[in-house]
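Structural characterization, general
Residues per chain are reported as follows:
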Amino acid sequence: MTQVRFLFRRIAFYAVTAWAAITMNFLIPRLMPGSPADTVLSRFKGQVSQAQVDAVKAQLGVSDKSLMSQYWTYWDNLLHGDLGVSVSYFPGRVSEVIGQGVWWTVVLIGVATLVSFVAGTLLGVLAAWKRGSRLDALLPVTTFFSAVPYFWIALVSLSVFGVELGWFPITGGYRPELQVGWSGEFISSALSHSVLPALTIIVSSIAGWLLGMRNMMLTTISEDYVLVAEAKGLRSRRVMLGYAARNALLPNISGFALSLGFIVSGSIVTETVFSYPGIGFLLFNAVLNNDYPLMQGIFLIITLMVLLANLIVDLCYVLLDPRIRQEG
Amino acid sequence: MSPVASAVGAPLLEIRGLTVDYGEGPGAVHAVDNVDLVLHRSETLGLAGESGSGKSTLAHAVTRLLRPPGTITGGQVLYHRREGKDAAGHVSDGPARSGPVNVLDMTRPELRAFRWEEIAIVFQSAMNALNPVHTVLAQIADTLKAHRPGITRAECRERAAHLLTTVGVPAARMSAYAHELSGGMRQRVMIAMALALDPEILVLDEPTTALDVVVQREVLAELVRLREEFGFSVLFITHDLSLLLEVADRVAIMYAGRVIESAPAEEVYRDPVHPYTRGLVASFPPLRGPRRELAGIGGSPPDLRALPPGCAFSPRCRHAFDRCTRDLPLLRRPAGAPERLVACHLDDPNGSADDER
Ligand SMILES: Nc1ncnc2c1ncn2[C@@H]1O[C@H](COP(=O)(O)OP(=O)(O)OP(=O)(O)O)[C@@H](O)[C@H]1O
Ligand SMILES: [Mg+2]
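Model, not experiment: these values are computed from the prediction. (Residues numbered from 1 in each chain as written. Chains lettered and ligands numbered in written order. Predicted model: local features only at pLDDT ≥ 70, side-chain atom pairs only at ≥ 80, totals over all residues. Heavy atoms only, no water.)

Residue and element names in this part refer to chain A. On the surface, Phe 151, Trp 152, Leu 155, Val 156, Val 160, Leu 165, Trp 167 and Val 269 cluster together into a nonpolar patch covering about 740 Å² of accessible area. With 5 residues, helix H7 (residues 150-164) is the largest single contributor of residues to the nonpolar patch. For Val 156, the position within the fold is in helix H7. Classification of Val 156 as partly exposed rests on a relative accessible area of 31%. (Patch = residues over 30% accessible without salt bridge, like charges linked within 9 Å, V, L, I, M, F, W, Y side chains within 5 Å. Areas by Shrake-Rupley, 256 points an atom, 1.4 Å probe, with all protein chains shown as cover. Salt bridge = Lys/Arg side-chain N within 4 Å of Asp/Glu carboxyl O. Helix = DSSP H or I, 4+ residues; strand = E, 2+ residues; numbered from the N terminus. Buried < 20%, exposed > 50% of the residue type's maximum accessible area, 1.4 Å probe, protein only.)

This part takes up the interface of chain B and chain A. Counting residues at the interface gives 25 residues for chain B, matched by 26 residues for chain A. For the pair chain B and chain A, the number of links is 3 salt bridges. A salt bridge links Glu230(A) to Arg67(B), with the nearest nitrogen and oxygen atoms 3.8 Å apart. At the boundary of chain B with chain A, the tally comes to 12 residue pairs in polar contact (both at pLDDT 80 or more). Sorting the residues of the side of chain B that touches chain A by element identifies helix H3 (136-147) and helix H5 (183-194) of chain B as the ones contributing at least two each. For the side of chain B that touches chain A, the per-class residue count stands at 11 nonpolar, 9 polar and 5 charged. (Contact = heavy atoms within 4.5 Å. Polar contact = N/O pair within 3.5 Å; in protein donor to acceptor, adjacent residues only side chain to side chain. Nonpolar A, V, L, I, M, F, W, Y, C, P; charged D, E, K, R; others polar.)

Let's shift gears to the site of ligand 1. All names here are of chain B. Near ligand 1, the surroundings consist of 14 residues, among which Ser 51, Gly 52, Ser 56, Thr 57 and Gln 124 are the closest. In this structure, an oxygen atom belonging to ligand 1 sits 3.3 Å away from a main-chain N or O atom of Ser 53. The backbone of Gly 54 places a nitrogen or oxygen atom 3.1 Å from an oxygen atom of ligand 1. Protein coverage of the free-state accessible area of ligand 1, which is 630 Å², stands at 66%. Per element, the largest residue contribution to the shell around ligand 1 is 3 residues, and it comes from helix H1 (residues 55-62). Grouping the amino acids of the shell around ligand 1 by side-chain chemistry returns 4 nonpolar, 7 polar and 3 charged. (Near = heavy atom within 4 Å.)

Here we take up the state of the cysteines. Taken as a whole and judged by the stated rule, the model has 0 disulfides over all chains. Note on Cys311(B): no disulfide assigned, nearest cysteine sulfur contributed by Cys324(B) at a separation of 6.1 Å. (Disulfide = S-S within 2.5 Å.)

Another point: the packing of helix H1 (residues 2-31) of chain A against helix H12 (residues 292-320) of chain A. Residues and elements named next belong to chain A. At a minimum axis separation of 10 Å, H1 and H12 run at an interaxial angle of 170°. What the angle tells us is that H1 and H12 run roughly antiparallel. Residue classes in the contact of H1 with H12 are distributed as 16 nonpolar, 6 polar and 2 charged. (Axes fitted to C-alpha atoms, helices over the stretch in contact; angles between N-to-C directions. Parallel < 35°, antiparallel > 145°, perpendicular 65-115°, else oblique.)

Residue and element names in this part refer to chain B. Per the stated rule, a full pass over the model turns up 25 salt bridges over all chains. The shortest N-O distance in the salt bridge between Arg 188 and Glu 218 comes to 3.2 Å. Of the two residues, Arg 188 is situated in helix H5 and Glu 218 in helix H6 (residues 213-230); the sequence distance between them amounts to 30 residues. Since its relative accessible area comes to 11%, Arg 188 is described here as buried. Overall, Glu 218 belongs to the partly exposed group, its relative accessible area being 41%. A salt bridge links Asp 249 to Arg 227, with the shortest nitrogen-to-oxygen separation between them at 3.5 Å. Separated by 22 residues along the polypeptide, Asp 249 in the loop between helix H7 (241-247) and strand E9 (250-255) and Arg 227 in helix H6 bring together distant segments of the chain. Each of the two residues, Asp 249 as well as Arg 227, counts as buried. Here the salt bridges do not stand alone but share partners, grouping Arg 188, Glu 218, Glu 222, Arg 225 and Glu 229 into one network.

Right under this line is the structure:
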């Protein structure tokens, strides 16, 4: 059927994109002058024996073999979840370092982005439906917060709610003396640490969703099918959601797919300001320390997550828009 | 729609002094101005006039579907409910309520119950009248569910299948989306949807304008047949007077937001009185009878923001005399034509403007 064909084509497209990204990830550091091993070794300022050099090279996956055989080894390692050894966390493995950080980011920034999208979209629907009412006050207020640079919001909220009022912890993802796990104490600590970073993300991004949805709603509200829905004597809520908002949602979903791509990269500022132990914070440290293997691993994870997010949004789109299924 | 079916009954919908403005103050567009119109039971009333004469505005105002900046600034829309039907349109056992209801005074719940149950509309641009993300069935079903709480899915399905076959669309198309249907099909689906609750009145706002001539004919024939089958009354809006003379029992002509002539379709065609109507009738080839010379109407429609004093048509009227640019002609019944109303100073026996309606 057309839907299934469409889906297969999308999945094939993402598979090819993922392959290209992974290959680039392999090629770029190898085409650059110098090698990660040199970076590590340069920190020891030449006070290393040849045996140590070989050991470091072996751990970082640098060899003198042909590019092709290196490529196969790279894939083999990748499929075993082996991304090499981190320089700054030496001799910690990149996959472990990322594995510890990625969940903080996915949960914090992912949930904050989702909440912002859902709340902004719903408010946009209401703002359009009840235009001229007091809800119009939402527009300038939210626009103000989206116009202010994000780091400024983050710093101000940190100093006001964290330092001055002391309502929320100012650094980290949880109280350091706690064990990471499913204990109630840990979870409540993690939650209170996440409030400020999450709120700053929501406050600074909600206006985009709200305005986008409101404008699309204003367009669909003037469509004939909305007039017909009213003429049919449907309840106002049904007309608003099932007819106007349902159609206005489609372009906003594409915007959401794009924004998912910025989750991880956008997390750098958030996590740096709040010293949050996520991927952005790791990337920041990796850059400071010239930790190429870690950077490479993080870029790979970012790429794959963006592709996965887009695939999921594509699936939603297929379910939501019957016209897509046909054009394929 | 055919002479056979013109066993016209009592008034069903009475529009009295309806006035609609777009905007306020000096810049307001007076799109409908003091219109009186009566639709009788089982009647097909045609409403014709140039583009911009206020036909759609009138239809929207009657069903209270006007959108800002459109506002109803005066008048009444009286609906004479069928004996024994209560406000929600359901047949009740209690004593029949007497007297008509004013649609313009209805509360929101009353209005919701009234819409589609009593008056269904097929809009001018049916191409976009179907929600692109729901199937035909879903859109018929939500109408049924809104007005018949407790109806089952199977019943909705059955009703949808019946309605679609009635308008000549295969029942299997109920699971189609709008983009999978041709223009003619969409229009038929809209008509099927309009009939879902067996309404008393069907408002057709240029139902065939977007279709090609062949499909136009088919849809019209279908409408004529359906009217005979279901017995609803029709308000048929179009700028194509020749079409109306075929399908309508009575025709009202609008010019610049006012009704300027109304008469049985036959009489309008045979003996138009108002110079504007005469111009309209002369501007299309006769359907039967001898050929005659075609003539358009010179000039262009007036600016509704600043109508000329007196008769709005006077600047374009070859017969205009001084009184036409001074007094607004009101609808009156010319001598010897009991079925006809004209708003024109020509042949007016009274020297002064009279109030007789
Ligand atoms: N939303 C609006 N705002 C301002 N003026 C409007 C609006 N809608 C319609 N009008 C004006 O009201 C007048 C009547 O419009 P209407 O759509 O009722 O005409 P119509 O007779 O249905 O024309 P057509 O044959 O083109 O459908 C026109 O002069 C139009 O310019
Ligand atoms: Mg119109």
